[in-house]
Every structure is written in structure tokens, then in C-alpha cells.
Amino acid sequence: MKPSTTLQRRTFVKAAAAAAPAAAFAAGSGVIGANDRIRAAVLGVNGRGQSHMYGLQPINNVDVTTFVDPDLAIARKRAGEFEKKHGHRPSVVQDLRRVIEDKDIDVITIATPNHWHTLAAIWACQAGKDVYVEKPATHTFNEGLSLIAAAKKYNRIVQHGVQLRSSEAVREAVQKMRDGAIGDVYMGRATIFKWRPPLEAQPDEQPPSSLDYDLWVGPGKWRPYSKRHVHYNWHWTWDFGNGEIGNQGIHELDMLQWGLDVTLPDEVMSSGGRYIWDDHRETPEMLTTLLQFKQERKMAEVAVRFWHSNHETQSANGNLFYGSEGYLVISGYTKWELYRGRKPELVESGESPTKHYENFIKAVRSRKTEDQHGPVESAHHAAALAHLGNIAFQRDSKLEFDRASMRFKGDEQANAMLSKSYRKGFEVPAPDKV
């Protein structure tokens, strides 16, 4: 069962209790005119959600009306901060399902932990709401197929939170490559160098009274509450996060596939591990992933490093693209440099702020996916590069990927890792079931 325009009902079951009351979802009111006010709810306000609330509110005819977080203490704190800055206090809601069913909400932005991204986005699409979802848009590869299906079936705008897509400077750099500025582009390199300290040991304990921990876990695998995971360090736990390649790395992976003009690879291999900290981190500190796009005759290297590292792109995080006549460097989100010949010469560089939220609202009003800078398909492809790289690391093997079947060749253990099991009541539906 799923929410739809005909108002169907879903029963949500909590892991630690009997079946909860059914929640009714209803589709939104339809097309939003150029002068209509757009009412936005932000899901997850501890971290990236703060960028959402303060990025959307200044846009003409947009109101951030609701903060949603399973930890009410955090939501109330953010509401107070927002009121001081903007003069009105958003309502605070603990359960995202209550907001998804609210007919007065037009768009939902999602800044929850990774394991919630896809399900929350699909529920919002089914309820007739447009979605801005943080990177990575998915927690597993197959979730991307379901998210694309939901966006198309319900005619929803789903924007991926990769701000560099709306950077005027970066868009200019990509166009330069398309125009042949460095010749035939054959290789890209993404650098993901973050200063990540060791994790402190934390015991299992009772969650704070302000937190609905069962709801926080949602579609993830149940683990006892611990500050090892809540509220940030879930990034380094496979059941909730995707490691650094699926954290900061999604920005660089999105840039990588955009700059190379590719989508999914034909071959992937990864090597790495934990070399510095003896802590409870499950994901690798260091990771090198090689991707072959044989059909396009292109390849890519992705380098993840913690702690001390040189800045190979004038920034800790960026991309290098190599062509037959030169190379192009993208540093962060706002600067690019072009070099030609054997003796590199700076040709052009530029800086520009990103306008990703404005681009999302533009597409919400126009209903044209071609207006989007971060459409749902690119969201899937960028996240997929991280998922496939992580699978190759965990399998400790070079893997061949069949783009037609969306499966690995000859490795059923790897194929099983394209998806995962979900807790009852929090299942991400298959593409044909959204």
C-alpha cells in the first residue's frame, strides 16, 4: 500500500511497539503559480538542514514553515534561532509522516541521515510534494531506481543537494570541456581529503527523552542507541551511512560524472582500509576507487584520505580532468583553472556563488525537469558511484557491472549488496511498487 492522489492509507509499525495509527497521505494541490507562496518543511535540522532553512527563506514567495526532527530538543533550538533571524517561528514536528500528510506543505527538504533519504523522498513524491534531498540521495544502489520511478510516476521535482551544479563558474568550466578546451577528455580524478579525527568510545545507553530513537532508526538496521552513531557519526556505520566517499565524496563524484559526461561504469575496483585510528569506525579511512567507462573510453580515479594530506586541486576537495590537449582543475565549488601544453599555463579562472535552492524553486514553479541543475537521474548516478565503490571495497575484488541489467556479472554476493533489508513499516518499495 502507498499514499497516492486517491488518498490511500499506510500502517506504520514501530519496532518497539504494536502497530501505530494509520497515517493518511494526500496529494498536493497542484501547479504552483509564479506569484503563489511556497511553504517548505525541513526534515532534519541538526546539520545540513540549517543550510536548507537559511537558503530557502530569502527566496521571494517562499516560507520555511516547519522544522521536523526526531529530536525535539534540536528542532526547538533551531526554531528559536530561526525566529531571531527571520522574525517568525516555524512549527516543530517530531514525526515526518505528520508533515508529509499536511496538505499545506508544498515542498519538503531532506537533511536526515543517509538511510532515511530515499524513503522520505518517495513518501513525499507519493503525497504530491516536491523534494530537495541532500547527498547522497540514496543509501543503496537499488534505492536510486525506486526514487527515479517515484519522481516520474507522481510528476515530482526531485533536486539533489549538490550545490556545485548551480555554480556559474563550474557550469562554465564544464561547457569549456564540452567545447573542446582540453581536447578529448579521457580521465577524471576526484580528491576527497577531509580532516577527520578519531572517534571517541561511547557505550550503549538509553536515548534522551527528547529523541524518538525508533523513528530515527526508521528504515535502518536496529542498533541500540549510542552516541557512537547519533547525531553525526552514523556516517562511519554501514547501516546508516556510506563512509567518506558517500559523504563529502558525493559532491566530487557528481562533478566527476558530469565533467566526464558519463553515468554508470562497466568496471569498478577499490582498495583501502583503516590505518590511523583504532576506533569503532566501520568504513575505510583511506579508499582508492578506479572506475572504467569502457563504452565511452574513459576512466576515473577517486581518492579518499583522512587527516594530513596535500591539496592536489588547490583545495582539499575537487576534481581534475585530463584531455588530449591539456587539463582542467575544479577547486571546491567556485573556482576552475585551465592548463594547456606540456608547460602548464593558467588560461582562465573564475568564482561564483552557488544558487542551488533558487534553481530548485524555479523548477518547482515551472514543472520542467529540464530547468533543474541536479535532477533525480544525476542524483542516482552520483550516489551509485559511491555505492559501487564501497561494494568493490567490501568484496575486495574487481567487479564488472552490466548497465543493462543493473547487476554485477558473476558475483551474487555483490549483487545482494545493491539493496538491503528494511524494518517493517519502513520498506523502500521496488521501482514497480512505488
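In this report, we go over the structure that sits alongside the text. Values in this document were obtained by computation on a predicted structure and should not be read as measured data.

## Some points on helix α6 (residues 168-178)
So, step 1. Looking at α6, one finds that the buried residues are Ala169, Val170, Ala173, Val174 and Met177. Across the axial projection of α6, the buried residues extend over an arc of 140 degrees, all falling on one side.
So, step 2. If you follow the buried residues of α6, they end up packed against β9 (185-194), α8 (249-260), β13 (317-323), β14 (326-331) and β15 (335-340).
So, step 3. Glycine 180, located one to two residues past α6, shows a positive phi value of around 90 degrees.

## Overview of the sheet that holds strand β7 (residues 130-134)
So, step 1. Read across the sheet, six strands follow the order β5-β4-β3-β6-β7-β8 without closing on themselves; strand pairing throughout is parallel. Because the sheet does not close on itself, it has two edges, and the strands there are β5 (91-93) and β8 (158-161). In this sheet, neighbouring strand axes are inclined to one another by 25 degrees on average, regardless of whether the strands run parallel or antiparallel.
So, step 2. Sheet topology note: the strand β3 (residues 38-43)/strand β4 (residues 62-68) ladder contains six bridges and is parallel. In the sheet register, valine 42 faces β4, and the bridge partner there is phenylalanine 67.

## So, the pattern of salt bridges
So, step 1. Going through the model one piece at a time under the given rule, you end up with 28 salt bridges.
So, step 2. For aspartate 266, the salt bridge is made with arginine 403, and the minimal N-O distance between the two is 2.8 Å. Of this pair, aspartate 266 sits in the loop between α8 and β10 (267-273) while arginine 403 sits in the loop between β16 (399-402) and β17 (407-408), placing them 137 residues apart in sequence. The same class applies to aspartate 266 and to arginine 403, which are both buried.
So, step 3. One salt bridge connects arginine 281 with aspartate 279, and the closest N-O pair in it is separated by 3.1 Å.

## Topic: helix α2 (residues 72-86)
So, step 1. An ideal rise of 1.5 Å per residue puts 21 Å on 15 residues; α2 measures up with 20 Å between its terminal C-alpha atoms.
So, step 2. Those residues of α2 that sit buried are Leu72, Ile74, Ala75, Arg78, Ala79, Gly80 and Phe82.
So, step 3. Next to the buried residues of α2 lie α1 (49-56), β4 and β5.
So, step 4. Its side-chain oxygen placed 3.1 Å from the backbone nitrogen of alanine 73, aspartate 71 serves as the N-cap of α2.
So, step 5. Once α2 finishes, glycine 87 follows within two positions and takes phi at roughly 85 degrees, a positive value.

## Focus: the packing of α8 against helix α10 (residues 376-395)
So, step 1. Orientation of α8 relative to α10, taken along the N-to-C sense of each, is 115 degrees, at an axis distance of 9 Å. Taken together, the axes of α8 and α10 are roughly perpendicular relative to one another. Between α8 and α10 lies a crossing whose hand is right-handed. In this structure, α8 contributes Ile250, Leu253, Asp254 and Gln257 to the contact, and α10 contributes Ser378, His381, Ala382, Ala383, Leu385 and Ala386.
So, step 2. When its residues are assigned to classes, the contact of α8 with α10 shows six nonpolar, three polar and one charged.

Rules behind the numbers
Each chain has its residues counted from 1, following the order in which its sequence is written. Since the coordinates come from a predicted model, pLDDT governs what is reported: local features require at least 70, and pairs of side-chain atoms require 80 or more to be given and counted, while whole-chain, interface and lining totals use all residues. Only hydrogens and water are set aside; all other atoms, that is, all heavy atoms of the structure, feed into the side-chain values. Here the term buried applies to any residue with accessible area under 20% of the maximum for its type, exposed to any over 50%, and partly exposed to those in between, with areas from a 1.4 Å probe on protein chains only. Secondary structure is summarised from DSSP: a helix means a run of H or I of at least four residues, a strand means a run of E of at least two, and numbering begins at the N terminus for each. It is the directions from the helix axis to the C-beta atoms that the arc portrays. Contacts are assigned to residue pairs that have any heavy atoms within 4.5 Å of one another. The pairing criterion for strands is at least two bridges between them, as found by DSSP. Axis lines are fitted through C-alpha atoms, for helices just across the contact stretch, and the angle between N-to-C directions can take any value from 0 to 180 degrees. Every case where a carboxyl oxygen of Asp or Glu lies within 4 Å of a side-chain nitrogen of Lys or Arg is listed as a salt bridge. Here the expected span of a helix is defined as 1.5 Å times the quantity of residues minus one. Residues adjacent in sequence count toward polar contacts only when both atoms are side-chain atoms; beyond that, a polar contact is any pair of N or O atoms within 3.5 Å, and within protein one must be able to donate a hydrogen and the other to accept it. Here the word oblique covers every angle except those under 35 degrees (roughly parallel), over 145 (roughly antiparallel) and from 65 to 115 (roughly perpendicular). Handedness of a crossing follows from how the near helix is turned relative to the far one, being left-handed for an anticlockwise turn of less than a right angle and right-handed for a clockwise one. Each residue gets one label: Ala, Val, Leu, Ile, Met, Phe, Trp, Tyr, Cys and Pro are nonpolar, Asp, Glu, Lys and Arg are charged, and the others, such as Gly, are polar.

In short, geometric facts, not functional conclusions.
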